[in-house]
Amino acid sequence: MESLRAPPVHTADLKDVLVAHQNASTKRALWQLANTFLPYFLLWLAMYWALEVSLWLTVPLAVLSGALLVRIFIIFHDCTHGSYFRSRRANDVLGFIAGALTFSPYQHWRWEHAIHHGSAGNLDRRGTGDVWTMTVQEYLSASRRRRFQYRLTRNPLVLFVLAPLFVFVIKQRFASANAQRRQRHSVWWLNVTLLISTTLLSSIFGLASYLLIQSIAMTVAGATGLWLFYVQHQFQGVYWERNDKWDYTAAALRGSSYYKLPKVLQWISGNIGFHHIHHLSPRIPNYNLQKCHESDPRFATVTSLSLLSSLQSLKFRFWDEQAKQLVGYAHLRKLEARRRRTSPH
């Protein structure tokens, strides 16, 4: 992992660089649609034929479709930021379609994700669109039940497999309590669309086969997507501050990593590894993120992660406000042992 302290710059200092890469390209967007959606639909056709030979022949194809769903979700994600096409209507239409394929309500997800962009790295605004992270003091002060719940949710199997399935398949079928009418309607319309598509595909593939295929694809896509999101905000040297000290640019440059992936994985993940650029300017479409990153030397100071170094993020569980760093259970055990030694008997 490469980590340098980012210089104290403001978004205004980078305005010209960012604006230069905010222009959506219809040509590049359509080409990306062709090389993403067409293979995805062809895979479903191939799975239909493969079922006539063997169910096991269908499984690897379902895994590949899950990988493409990650890329489709990035396109959906761009549409929610209004960055994929120049036309707002085109973004909304494509966003709804991509959202239907990824089980994500377009307007509702856009609203919640905007909260994430306005609060990433802010300790006082955790809880919406992020991976919940307790501070050391919060955990030490928590009840046994609350500690058990937290440890369970941060278990890798729960966090990267069960949680994404729960969120995409179940949680997103319901609108948040404080959602506005437009966001609620987007959830209802998506549920109707999913009911129709599930009924249609089940009649074609058979209910059991469809559920198996869709479950595999959603598990692969959900686990991959959650991992990408997790490591790009949970790494050594990450930025977290209380609201009165929180700074948008610092949160983008120091609170988001540059995930240097092999080319094939960069393609599948839609360049989202350039997460610092995305957080600086969500209006930059995914196909311009790399070019923007390479256009200014100041971006070289951002923490970069490789596939190997990103695995270190698995040990992080809590934010230590005193040390201003993410820590794991070993750190907590040391603190609790020290507290027992110093406390009166």
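Residues numbered from 1 in each chain as written. Predicted model: local features only at pLDDT ≥ 70, side-chain atom pairs only at ≥ 80, totals over all residues. Heavy atoms only, no water.

Identification of the protein as Fatty acid desaturase from Steroidobacter gossypii is taken from an unreviewed UniProt entry.

1. Regarding the nonpolar core
The test is simple: The term nonpolar core refers to a set of buried residues drawn from Ala, Val, Leu, Ile, Met, Phe, Trp, Tyr and Cys, joined through side-chain atoms within 4.5 Å. Per-residue accessibility, obtained with a 1.4 Å probe over protein chains only, is compared with the maximum for each type, and a residue is labelled buried under 20%, exposed over 50%, and partly exposed between these values. Working definition: helices are DSSP H or I runs of at least four residues, strands are E runs of at least two. Numbering for both runs from the N terminus. Contacts: residue pairs with any heavy atoms within 4.5 Å of one another.
Counting 61 residues, the largest nonpolar core has Phe37, Leu69, Tyr84, Leu94 and Tyr230 as its most contacted members. Mapped onto this core, the elements with two or more residues apiece are α2 (26-51), α3 (55-80), α4 (88-101), α5 (106-117), α8 (156-170), α9 (181-205) and α10 (207-231). Looking at which element gives the most residues to this core, the answer is α3, with 12 residues. Setting aside residues up to four positions removed in sequence, Phe37 forms contacts with Ile72, Ile75, Leu94, Ile97, Ala98 and Leu101. Core analysis: the second largest hydrophobic core is formed by 14 residues, Val17, Leu18, Leu280 and Val302 among them.

2. Things to note about the side chain of Thr102
The cut-off we apply is this: Within 3.5 Å is the distance limit for a polar contact, defined as a pair of N or O atoms, with the added protein rule that one can donate a hydrogen and the other accept it, and that residues adjacent in sequence qualify only through two side-chain atoms.
Mapping Thr102 onto the fold places it in the loop between α4 and α5. When its relative accessible area of 4% is taken as the criterion, Thr102 is described as buried. Within the local environment of Thr102, its side chain forms a polar contact with the backbone oxygen of Ala98, the two atoms lying 2.9 Å apart.

3. Points about unusual backbone geometry
Negative phi is the rule for most residues except glycine; trans is the rule for most peptide bonds. Look at Phe103: it is not a glycine, yet its phi comes out positive at around 65 degrees. The residue Phe103 is located in the loop between α4 and α5 in this model. A positive phi angle, close to 65 degrees, is found at Asn271, a residue other than glycine. Looking at the secondary structure, you find Asn271 in the loop between α12 (263-268) and α13 (275-280).

4. Brief notes about the packing of aromatic side chains
Geometry of an aromatic ring pair is reported as the spacing of the ring centres plus the angle between the planes. Let me state the cut-off plainly: We call Phe, Tyr and Trp rings a pair once their centres come within 6.5 Å, taking the six-membered ring for Trp, and we label the pair stacked below 30 degrees between planes, edge-to-face above 60, and tilted otherwise. Distance and angle both matter: a charge sits over a ring if NZ of Lys or CZ of Arg is within 6 Å of the ring centre and within 35 degrees of the ring normal.
Counting across every chain of the model gives 23 aromatic pairs. Aromatic side chains Trp246 and Tyr248 sit 6.4 Å apart centroid to centroid with 85 degrees between the ring planes, which places their arrangement in the edge-to-face category. Taking the relative accessible area as the measure of exposure, Tyr248 reaches 29% and is therefore partly exposed. Counting every residue linked through ring pairs, the aromatic cluster contains Phe37, Tyr40, Phe41, Trp44, Tyr48, Phe205 and Tyr210. Lying across the ring of Trp267, Arg71 places its NZ or CZ 3.9 Å from the centre. The lysine or arginine in question, Arg151, covers the ring of Tyr329, its NZ or CZ lying 4.1 Å from the ring centre.

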